[in-house]
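Here are the chains, one letter per residue:
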Amino acid sequence: MINNNLSNEVIEAGLGAAEVWPWLNDAARWPDYYTNAANVRFYDRAGPALTAGVRFYFETFGFPVEAQVVEQQPPGAGQPGRLAWHGWAGATRLDVHHAWLIEDLSGGRVRILIQETQNGKPALELARTRPNPMLNGQQAWLDGLVAAARRARRA
């Protein structure tokens, strides 16, 4: 199987998981801070908050992605927030698993981890490209997520 495995992480001082979570868990907000997400929509009158089992659609890297949330646990009571979805783009035979972990650390810091596994021919093409657009795209998503939470904190 052809795949592309990616992992990006940031640790930010002065933010908490509860401040970051709403910006990630509300998929309709993604295009507001991540330019590589577009046309988010939901099925079965779900959304905009993601919950386990919710099906949704968005476009990223030029791919139309159908997705379903497979894990959703908000942060709280000493537990990290966890969000994961399975996504696919049928005509391109791209299959992805995308997972996030958002956890409070000591000293008023938050750790945000994003990991993704992509399978299919488009994944191989992306994995061979230098610089890796997916790795850079995930970093842009992390940076945008942190910036959105910081702006909301100042407002």
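Along each chain, residue indices are assigned from 1 in the same order as the chain's sequence is written. Selection of residues for local features in this predicted model requires a pLDDT of at least 70, selection of side-chain atom pairs for listing and counting requires 80 or more, and totals for whole chains, interfaces and linings are taken over all residues. With hydrogens and water set aside, each side-chain value is computed from the structure's full complement of heavy atoms.

A. View of the pattern of salt bridges. Whenever Lys or Arg places a side-chain nitrogen within 4 Å of a carboxyl oxygen from Asp or Glu, that contact is recorded as a salt bridge. Taken as a whole and assessed by the stated rule, the structure comprises 7 salt bridges. In this structure, R55 and E66 form a salt bridge, with 3.1 Å as the shortest nitrogen-oxygen distance. Taken together, the residues R55 in strand 3 (residues 55–60) and E66 in strand 4 (residues 63–73) connect sequence positions 11 residues apart. The buried label goes to any residue with under 20% of its type's maximum accessible area, the exposed label to any with over 50%, and the partly exposed label to all in between, with areas taken from a 1.4 Å probe on protein chains only. Overall, R55 belongs to the partly exposed group, its relative accessible area being 30%. Linked through salt bridges whose partners overlap, the residues forming this network are E9, E103 and R111. The numbering of helices and of strands both runs from the N terminus, where a helix is a DSSP run of H or I of at least 4 residues and a strand a run of E of at least 2.

B. Representation of the side chain of E103 in the model. Relative to the helices and strands, E103 resides in strand 6 (residues 94–105). A distance of 2.7 Å separates polar atoms of two side chains, one belonging to E103 and the other to R111. Pairs of N or O atoms are called polar contacts if they sit within 3.5 Å, as long as, within protein, a hydrogen donor faces a hydrogen acceptor (for residues adjacent in sequence, only side-chain-to-side-chain pairs).

C. Region of the structure containing helix 4 (residues 133–154). Expected span of a helix: the number of residues minus one, times 1.5 Å. Taking 1.5 Å per residue as the helical rise, helix 4 with its 22 residues ought to reach 32 Å, and the 31 Å between its terminal C-alpha atoms agrees with that figure. Inspection of helix 4 places M134, G137, Q138, W141, L142, G144, L145, V146, A148 and A149 among the buried residues, and these make up the whole buried set.

D. Molecular detail of the pairing of strand 5 (residues 81–89). Pairs of strands are assigned from DSSP output, requiring at least two bridges between the strands. Pairing geometry for strand 4 and strand 5, over 7 bridges, is antiparallel. Bridging across to strand 5, Q68 finds its partner in H86. Inspection of the sheet shows strand 5 paired to strand 6 by 9 bridges, in the antiparallel sense. Along strand 6, the bridge assignment pairs G87 with V96.

E. Fine view of the packing of aromatic side chains. Between rings of Phe, Tyr and Trp, where Trp is taken as its six-membered ring, a pair exists when centres lie within 6.5 Å; planes separated by under 30 degrees are stacked, by over 60 edge-to-face, and by other angles tilted. Here the structure, examined in full by the defined rule, presents 12 aromatic pairs. Summarising the aromatic geometry, the rings of F42 and F56 are spaced 6.4 Å apart at their centres and angled 40 degrees between planes, so their arrangement reads as tilted. Of this pair, F42 sits in strand 2 (residues 38–42) while F56 is found in strand 3, placing the two residues 14 residues apart along the sequence. Here F56 falls in the buried class, since its relative accessible area comes to 0%. Put simply, the rings of W30, Y34, F42, F56, F58, W85, W100 and W141 touch in pairs and so form one group of aromatic residues.

F. Spatial organisation of empty space enclosed by the protein. Both cavities and pockets are sets of points on a 1 Å grid over the protein atoms alone; in a cavity a 1.4 Å probe fits but cannot get out, in a pocket the set is open with protein on both sides within 12 Å along at least five of seven lines, and lining residues sit with an atom within 4 Å of a point. Grid points are joined across faces, edges and corners, and a volume is the space filled by probe spheres set on the points. Applying the stated rule across the entire model yields 1 cavity of 30 Å³ or more. Volume-wise, the largest cavity comes out at about 200 Å³. Along the wall of the largest cavity there are 20 residues; nearest its centre are T60, F61, E116, Q118 and M134.

Bear in mind that shape data such as this cannot, by itself, settle questions of function.
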